Amino acid sequence: MTNTLERPAASRPPATERVWTRWATAVSPRSIGAVYILVVIVVVFSIALPSTYPTLATVKQVANGYSITALAALALVVPLATRTFDLSFAYVMTLSGVTAAHFVVHGMSAFAAMLLGMLVALVIGVVNGLVVVVMRIDSFIGTLATGSLVQAFIIFFTNAQIISGVELAGGFSQLAQVQIVGLTGPAVYAVVVALVLWFVLEHTVVGRRIYAVGFNPDAARLATIAVDRIRFGGLLVSAGVAGFAGLCLASSISAGSPTAGTAYLLPAFAAVFVGATQLKRGRFNAWGTLIAVVMLGAGTVGLSLSAAPNYAADMFTGVVLIGALAATGLQRRRIRRG
Amino acid sequence: MQRKSLLVLLAAASAVILAACGGGGGGSAASAPVDQAGVQRAADLVQGASVRPSDLNVTEPIGKPVPPGKVVDFVSCPAADCNVIAGMLKVHTDKLGWTLNVLTTDGSPGSQQQAFAQIVRDRADGAIYIGIDRGVYERYLPELQANGTWMVSVCSTNPQGNGIDFAICTPDQQRETGRLMAASVISHSGGRANAVYVNVPAFDNLSKLQDEFLASMKELCPACPTASQDVPITALGNGVPQLVVGYLRAHPDVDYVVLAIDSLASGLPAALKAAGLDHVEIVGQGGGDTTWQYIKTGEQLASVPWPYVETYLAGLDSIVRHVTGVQAAPSQLPRFWIVTKNNVAETDLKVDGITPVVIGADAKFAQLWGASS
């Protein structure tokens, strides 16, 4: 009995060693590989472009230019953490944007129009929940189908025309074009959304349950976790954040474009999957996603400043994505091996 | 750990290599003397083009009744504008008592070939298609000719002839637009512009527009540094503003951005503002509601609207003349028009959702055909 009581104390390393181990793990390239890649990118471009790259303007360009991509990627964190794909998020972005733009152009106040935009986004979230959770259709196919229906509705609603008008240049454009300490609105919103997601996922019971559902839904169900409710909620969160990203996008271009969101489909998935290799080793997480967006943005901005050929940005993204996904696979295999 | 390090090195190496691939580009701001004569010519060009044209090039009435019941197939494209054009054509074929079949495509050669196969099956009297290279439908041409289908090619690089009965919006017809964009930049800057032309190489029908812009800049303002920036087609949608901002930061002397198509400006004013580059002026071509809005709010300097209404109705006019046995009018476009803040209010007058260049262009065509407007 004495032995069993003493064993844990004897196997436990001293406090300083524990702190050191935790710190070493946190800064290990296995935890924050993207940060190391980011450092390499910054060093390389700072040497190559000493007058233009290592400046505050570059920081602003990365933060402002990739903030909507960051919001779009953050929309995917919760559903992917529950092992649910949401391919409709890009169409939801478009839908919320054109809805708000339509009502602003027709005389509604910007705030009320944005609320309506958010409302339709959440309605699509509910539809996704019904299709994926209630009807048990595979999320990859189900959300692809709802996305296609949303796009069809957008074309019907807009007659495939861009919604524009000088009314959109007023209060509506302020959502994305407002400057806060040199950063545009969406850059600040992305940090706030990441903060909220981080808190919920890391510091609440709901967050633990979300990850539990993602890691092993059967085990989570046996542990009396309401798996279906959590997956449904994940799709609602995705639609809500995507809807907000869509409002920012429409505000940024001062128009409701019937295809605006689709361009964010691949960059957002790229960022969220790279983000899963950061900080939490194989878990989809908010800060890792932001780090990934910053890394991809820093590289792309460096390439554009150096007048790289027009295929360079796509090639860079592809290389980084393959590298990051290979690293994720490697980490998972290591975790399984213990 | 070693594999991870390898990935880091791989990413860094790719960044270095890609950066090294970049061209130098960009000219330095010149303090060379201004060519006043060139500036004056540019100003004259702009002044002349600021007045909206009121006449079509096609003025010869059909002069006999247009037979009803004809069928026209329109091969649409995935862009939103194509739907608007289809709607406009439908209004006019209805006026003639004709049927318009809209064949939708996703822009891929496969879907375009299916559309041409459909035209063969429809035995259409005429077909209008946008930016499709003849290589895509070459194998259908013998059957189309045998069916007597009048082929109208719009905005492709293929010349008229050899199965293409009427070609309009050809690269050569777009040259004048490039010249007017150059004149607009030179005139506004008083001969002290430093301009970058943003091109999309995938749109090869726009190549002569770029050539003409660069040549006109050189001719009218030899002291104005001018460069080009290519953007990939994959950047359309969300990447263009950051590519342009990156270029402008790397070339801080550049103060005019000239766009191969106005839709590249989507989100650009906000990106310029966020980067503290809102002194940079934007000039484009093509037009559209978002462009008019940017011009009204002062976020874009000028645009040379493409005469979409006149282009497609000229194509339809050639079909009307073919089926009535009247000799087709030569392929011509109306005089171009520059839209600035001074005259942008005129763009509010639309034909079926599109701003025509010639006032009342639709009614003028209907009059030529003897159709009720």
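Computed from a predicted model, the values in this text were never measured in an experiment.

Participant: What is the right way to read the overall build of chain B from this model?
Facilitator: For chain B, the count of helices and strands is 13 helices and 10 strands. Computed over C-alpha atoms, the radius of gyration of chain B comes to 23 Å, within 12% of the 21 Å expected from 2.2 N^0.38 for 373 residues, which places it in the range of a compact globule. Taken along the three principal axes of its C-alpha coordinates, chain B extends 70 × 60 × 35 Å. Here chain B holds 373 residues, and the buried ones make up 55% of them. Nonlocal contacts in chain B, meaning residues at least 24 apart in sequence, comprise 75% of its contacts between residues at least 6 apart.

Participant: What is the right way to look at the overall build of chain A in this model?
Facilitator: Secondary structure summary: chain A contains 16 helices and two strands in total. Rg of the C-alpha trace for chain A: 22 Å, near the compact-globule value of 20 Å for 338 residues, within the 12% margin. In terms of overall dimensions, chain A has C-alpha extents of about 80 × 55 × 35 Å along its principal axes. Among the 338 residues that make up chain A, the fraction classed as buried is 51%.

Participant: Before we go on, may I ask you to explain the side chain of Arg231(A) in this structure?
Facilitator: All names here are of chain A. With respect to the helices, strands and loops of the structure, Arg231 is situated in helix α13 (residues 227-253). Of the side chains with opposite charge, Asp228 lies nearest to the buried Arg231, which makes no salt bridge, at 5.1 Å. Beyond its immediate chain neighbours, meaning those up to four positions away, Arg231 contacts Thr82, Arg83, Thr84, Val132, Val133 and Val213.

Participant: Sorry if this is basic, but what is going on with the state of the cysteines here?
Facilitator: The bond known as a disulfide is covalent and runs between the sulfur atoms of two cysteines. Residues and elements named next belong to chain B. A full pass over the atoms with the stated rule returns three disulfides over all chains. Through a disulfide, Cys77 is tied to Cys82; the S-S separation comes to 1.8 Å. Here the disulfide of Cys77 and Cys82 is right-handed, its torsion about the S-S bond being about 90°. The exposure class assigned to Cys77 is partly exposed, which follows from its relative accessible area of 22%. The exposure class assigned to Cys82 is buried, which follows from its relative accessible area of 4%. Two residues, Cys221 and Cys224, share a disulfide whose sulfurs are 1.9 Å apart. Looking along the S-S bond of the Cys221-Cys224 disulfide, the torsion reads about 60°, which is the right-handed sense. Classification of Cys224 as buried rests on a relative accessible area of 7%. Here chain B pairs its bonded cysteines, counted in sequence order, in the arrangement 1-2, 3-4, 5-6.

Participant: Can you walk me through a nonpolar patch on the surface in this structure?
Facilitator: Residue and element names in this part refer to chain A. Among the surface-exposed residues, Val126, Leu130, Val134, Met135, Ile137, Phe140 and Ile141 lie close enough to one another that they form a single nonpolar patch of about 610 Å² accessible area. Looking at the nonpolar patch, the elements that each hand over two or more residues are α7 (110-134) and α8 (139-158). Here the nonpolar patch takes three residues from α7, the largest share from any one element. In this structure, Ile137 sits in the loop between α7 and α8.

Participant: Got a minute to help me understand the packing of aromatic side chains in this structure?
Facilitator: One pair of aromatic rings is described through two measures. These are the centre distance and the angle between the planes. Applying the stated criterion to the full structure yields 17 aromatic pairs over all chains. Aromatic side chains Tyr211(A) and Phe215(A) sit 6.3 Å apart centroid to centroid with 25° between the ring planes, which places their arrangement in the stacked category. Linking Tyr211(A) with Phe215(A), this pair stays in helix α11 (residues 205-215), spanning four residues, or about one helical turn. Overall, Tyr211(A) belongs to the buried group, its relative accessible area being 5%. Judged by centre distance (5.1 Å) and plane angle (75°), the ring pair of Phe116(B) and Tyr129(B) falls under edge-to-face. Remark: Tyr129(B) occurs in strand β3 (residues 126-130) and Phe116(B) occurs in helix α4 (residues 109-122); sequence separation between them is 13 residues.

Participant: Is there a simple way to think about the pattern of salt bridges in this case?
Facilitator: Once their charged atoms are close, side chains differing in charge can pair, the charge on each being opposite to the other. Residues and elements named next belong to chain B. Overall, the coordinates contain 12 salt bridges over all chains when judged by the stated rule. Residues Arg175 and Asp172 are paired through a salt bridge, measuring 3.2 Å at the closest nitrogen-oxygen approach. Relative accessible area serves as the criterion here: at 29%, Arg175 is assigned to the partly exposed category. Put simply, Lys296 and Asp348 hold a salt bridge, and the shortest N to O gap is 3.0 Å. A residue pair is termed long-range when its members are at least 10 positions apart, and Lys296 in helix α11 (residues 289-296) and Asp348 in the loop between α12 (308-324) and α13 (361-369) qualify at 52 residues. Counted as one network, the salt bridges with shared partners bring together Asp172, Arg175, Lys208 and Glu212.

Participant: Is there a simple way to think about the environment of Gln173(B) in this case?
Facilitator: All names here are of chain B. Tracing the chain through its elements places Gln173 in the loop between β5 (166-168) and α7 (175-189). C-alpha separation for the pair Gln173 and Lys208, spaced 35 residues apart in sequence, amounts to 9.0 Å. A polar atom in the side chain of Gln173 sits 2.6 Å from the backbone nitrogen of Cys169.

Participant: What should I look at first to understand α7(B) in this one?
Facilitator: Residues and elements named next belong to chain B. For α7, built from 15 residues, the straight-helix expectation of 21 Å at 1.5 Å per residue is met to within 8% by its first-to-last C-alpha distance of 22 Å. Counting buried residues along α7, 11 of its 15 residues qualify, which places the element largely inside the surrounding structure. For α7, the complete set of buried residues consists of Thr177, Gly178, Arg179, Leu180, Met181, Ala182, Ala183, Ser184, Val185, Ile186 and Ser189. Residues of α7 that are buried make contact with α2 (36-50), β6 (195-199), α8 (207-220), β8 (256-259), β9 (281-286) and β10 (302-305).

Participant: It is not clear to me how the sheet that holds β6(B) should be interpreted in this structure. Could you clarify?
Facilitator: Consider a sheet: its strands pair through backbone hydrogen bonds, and that pairing is either parallel or antiparallel. Residue and element names in this part refer to chain B. Reading across the sheet, the five strands line up as β7-β6-β8-β9-β10 and stay open at both edges, with parallel pairing between neighbours. Across the chains shown, the open sheet's two edge strands, defined by having one partner strand only, are β7 (226-230) and β10. Here the strands of the sheet are splayed against their neighbours by 20° on average, with no regard to which way each runs.

Participant: Looking at this structure, I do not really get the environment of Gly117(A). What am I missing?
Facilitator: Residue and element names in this part refer to chain A. Within the secondary structure, Gly117 sits in helix α7. For Gly117, a relative accessible area of 0% gives the class buried. Along the primary structure Gly117 and Thr204 are separated by 87 residues, whereas in three dimensions their C-alpha atoms are 29 Å apart.

Rules behind the numbers
Residues numbered from 1 in each chain as written. Chains lettered and ligands numbered in written order. Predicted model: local features only at pLDDT ≥ 70, side-chain atom pairs only at ≥ 80, totals over all residues. Heavy atoms only, no water. Helix = DSSP H or I, 4+ residues; strand = E, 2+ residues; numbered from the N terminus. Rg over C-alpha atoms; globule rule 2.2 N^0.38 Å. Buried < 20%, exposed > 50% of the residue type's maximum accessible area, 1.4 Å probe, protein only. Contact = heavy atoms within 4.5 Å. Lys, Arg positive; Asp, Glu negative; His and termini not counted. Salt bridge = Lys/Arg side-chain N within 4 Å of Asp/Glu carboxyl O. Disulfide = S-S within 2.5 Å. Patch = residues over 30% accessible without salt bridge, like charges linked within 9 Å, V, L, I, M, F, W, Y side chains within 5 Å. Areas by Shrake-Rupley, 256 points an atom, 1.4 Å probe, with all protein chains shown as cover. Phe/Tyr/Trp six-rings, centres within 6.5 Å; stacked < 30°, edge-to-face > 60°. Polar contact = N/O pair within 3.5 Å; in protein donor to acceptor, adjacent residues only side chain to side chain. Expected span 1.5 Å × (residues − 1). Pairing = 2+ DSSP bridges. Axes fitted to C-alpha atoms, helices over the stretch in contact; angles between N-to-C directions.

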